[in-house]
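Topology and contacts: notes
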Amino acid sequence: MVTRSADDWLAVLQQIPDPEIPVLNIVEMGIVRGVECTDSAVLVKITPTYMGCPAMDAITDDIKAALTPLAREENRTMTVELVYAPAWTTDWLTVAALDKLEAYGIAPPGKTTDKRALNGEAPEVACPKCKSAHTTLVSLFGSTACKSHYRCNDCAEPFDHFKCI
Amino acid sequence: MGATMNARFEYLLRLGDDALILGQMLGLWTGHGPVLEEDIALTNIGLDQIGQARAWLTLAGKAEDAGRDEDKLAFFRDQADFRNAQLCERPNGHFGDTIVRQFLFDAYAVPLHAALSSSSDPEIAAIARKSAKESAYHLRHSRAWMLRLGDGTEESHDKVQQSLNDLLPYAGDLFYADAVTAQATAEGWGADPTALRAPWTTELDSTLAAAGLERPPAVPEQTGGREGRHTEQLSFLLAEMQVLPRTYPDAQW
């Protein structure tokens, strides 16, 4: 009988897309904070992007649906634990993930050394379509808790920007 | 509250109930915002507040150690058992009323979450560090609207000035100190509410100056929320919020 290692479980988790941003998987999103294995148990730790993110329940269900049958094969229990520390930050998005977001039409967050957005100053957000930096913030809040809403002044594309926190 | 007071439970209820009630009030804006973007903004902020409430109330339930989870605490307590600041339960009124209520709260939440981020309790610190990012973002939004309304048309200025005059006295609960906060401060896991007034006042004064609004003449501040004394608005809100789980306690969806 195969006994999967933490890395093996991580590979399974990488198959699970984020329910709101399906172009990224939950590992790339930085939501999976670790996998801990013992002979009898598998524990997956996840953290929310925003405290009230309603996708967390769906993500928990998706993880259980994917991992529980595999864990059962190995006579292991499978649990998902929600942790708040360390707090999620956009820095955890990999470079590959940032590129995927942009290709998907969501302007990716800059590195959080750019805290201008939090301080009330307008950060530079390039249009994911035509790459123009000539854009306007329409609303600080967008289609999900982790995004704000912009418009490109050059190509007129309305787009979401992943808030930088 | 006598010698058996569970200060940790009481303190966490205050944090959780502020977020829960304010979040619920903001949720009432769903489909009623003045423009689509603000409808989404207010409900997004409400969602963040509910998320924070879930974390604080879960922790409160653990501190109480009587088997109550976040849902039990949210849906099966009566008005007199709620510990939220009265400010949080003030009616939504018009958009300016909601913005002033939010601004007064955000300007308090930012230094509160900063102080709690260095709590001696790692669970409190973790939730506070996470919430701090959200409250800073909320303040950015509510402050921007204070400026836009205060420095906007004569009508928007007059309306938001009236909102401020009406709501400012309700800030009293935010800085209310008692045996609970004394223990929280002495033991290092909570924040001293009286120390939050200075940064709150600084934010208030700078925003009012930039918005062309006047600080209303000082009047006695309203308190009581931390001891379960509330305005009638809370009972209407709780009735709507709690009716389903109280009617069907085991309902799942």
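For the structure, check the block above.
Notes on the structure in this doc start here. (Residues numbered from 1 in each chain as written. Chains lettered and ligands numbered in written order. Predicted model: local features only at pLDDT ≥ 70, side-chain atom pairs only at ≥ 80, totals over all residues.)

1. Section: the sheet that holds strand 2 (residues 41–46) of chain A
Residue and element names in this part refer to chain A. What counts is decided by this rule: Any two strands are treated as partners once DSSP identifies two or more bridges connecting them. Working definition: helices are DSSP H or I runs of at least four residues, strands are E runs of at least two. Numbering for both runs from the N terminus. Angles here are taken between N-to-C directions and fall from 0 to 180 degrees, while the axes themselves are lines fitted to C-alpha atoms, restricted in helices to the stretch in contact. Placing a C-beta atom from the backbone of each residue, one calls two residues in contact when those atoms lie within 7 Å.
Sheet architecture is open: three strands sit in the order 1-2-3, paired in mixed fashion. Sheet topology places strand 1 (32–37) and strand 3 (77–82) at the edges, where each strand pairs with a single neighbour. For this sheet, the mean angle separating the axes of adjacent strands, direction not counted, is 15°. As judged from the six bridges shared by strand 2 and strand 3, these two strands associate in the parallel manner. Residue pairing across strands places Val 44 opposite Val 80, the latter belonging to strand 3. Contacts from helix 1 (residues 6–13) reach strand 1 and strand 2 within the one sheet, and its direction differs from that of strand 1 by about 140°. Strands strand 2 and strand 3 of the sheet are contacted by helix 2 (residues 55–73), whose axis makes an angle of about 160° with strand 3.

2. Here we look at the nonpolar core
Put simply, the rule reads: As used here, a nonpolar core is made of buried Ala, Val, Leu, Ile, Met, Phe, Trp, Tyr and Cys residues. They are joined through C-beta atoms within 7 Å. Counting other C-beta atoms within 10 Å of a residue's C-beta gives its exposure: the residue is buried at 20 or more, exposed at 12 or fewer, and partly exposed in between, where C-beta atoms are placed from the backbone. Boundaries of every domain are those given by an automatic assignment or by a domain database.
Judged by nonpolar contacts, the single largest core of 111 residues is most densely connected at B:Trp56, B:Leu87, B:Leu104 and B:Tyr108. Composition of this core by domain shows at least three residues from each of domain 1 (6–82) and domain 2 (92–162) of chain A. Ignoring sequence-local partners within four residues, the contact set of B:Leu104 consists of B:Leu87, B:Leu167 and B:Ala171.

3. As for the sheet that holds strand 5 (residues 135–139) of chain A
Strand order across the open sheet formed by four strands is 4-7-6-5 (chain A), with mixed pairing between neighbours. Each having just a single partner strand, strand 4 (106–107) and strand 5 of chain A make up the two edges of the open sheet.

4. Considering the packing of helix 5 (residues 95–116) of chain B against helix 9 (residues 197–211) of chain B
Residues and elements named next belong to chain B. Counted only if it meets this: Our angle categories are set so that under 35 degrees counts as roughly parallel, over 145 as roughly antiparallel, 65 to 115 as roughly perpendicular, and the remainder as oblique. Handedness of a helix crossing follows the sense of rotation of the near helix relative to the far helix, less than a right angle counterclockwise being left-handed and clockwise being right-handed. Residues are grouped as follows: Ala, Val, Leu, Ile, Met, Phe, Trp, Tyr, Cys and Pro are nonpolar; Asp, Glu, Lys and Arg are charged; every other residue, Gly included, is polar.
Two elements in contact, helix 5 and helix 9, have axes separated by 8 Å at closest approach and are oriented at 140°. Between helix 5 and helix 9, the angle falls in the class oblique. Our pair here, helix 5 against helix 9, has a crossing hand that is right-handed. Here Phe 103, Ala 107, Tyr 108 and Pro 111 of helix 5 come into contact with helix 9, specifically with Pro 199, Trp 200, Glu 203, Leu 204 and Thr 207. Classifying every residue of the contact of helix 5 with helix 9 gives seven nonpolar, one polar and one charged.

5. Structural notes on the environment of B:Asn92
Along the chain, the position of B:Asn92 falls in the loop between helix 4 (86–89) and helix 5. Not counting the four nearest positions on each side in its chain, B:Asn92 is found in contact with B:Met25, B:Leu28, B:Trp29, B:Asp97 and B:Thr98.

6. Some remarks on the pairing of strand 6 (residues 147–152) of chain A
All names here are of chain A. For strand 6, the tally of buried residues reaches five of six residues, placing the bulk of the element in the interior. Bridging between strand 5 and strand 6 involves four bridges; their strand directions are antiparallel. By the bridge assignment for strand 6, Leu 137 is matched with Tyr 150. As defined by bridge partners, strand 6 adjoins strand 7 (residues 158–162) across five bridges and the pair is classed as antiparallel. Residue pairing across strands places Arg 151 opposite Pro 158, the latter belonging to strand 7.

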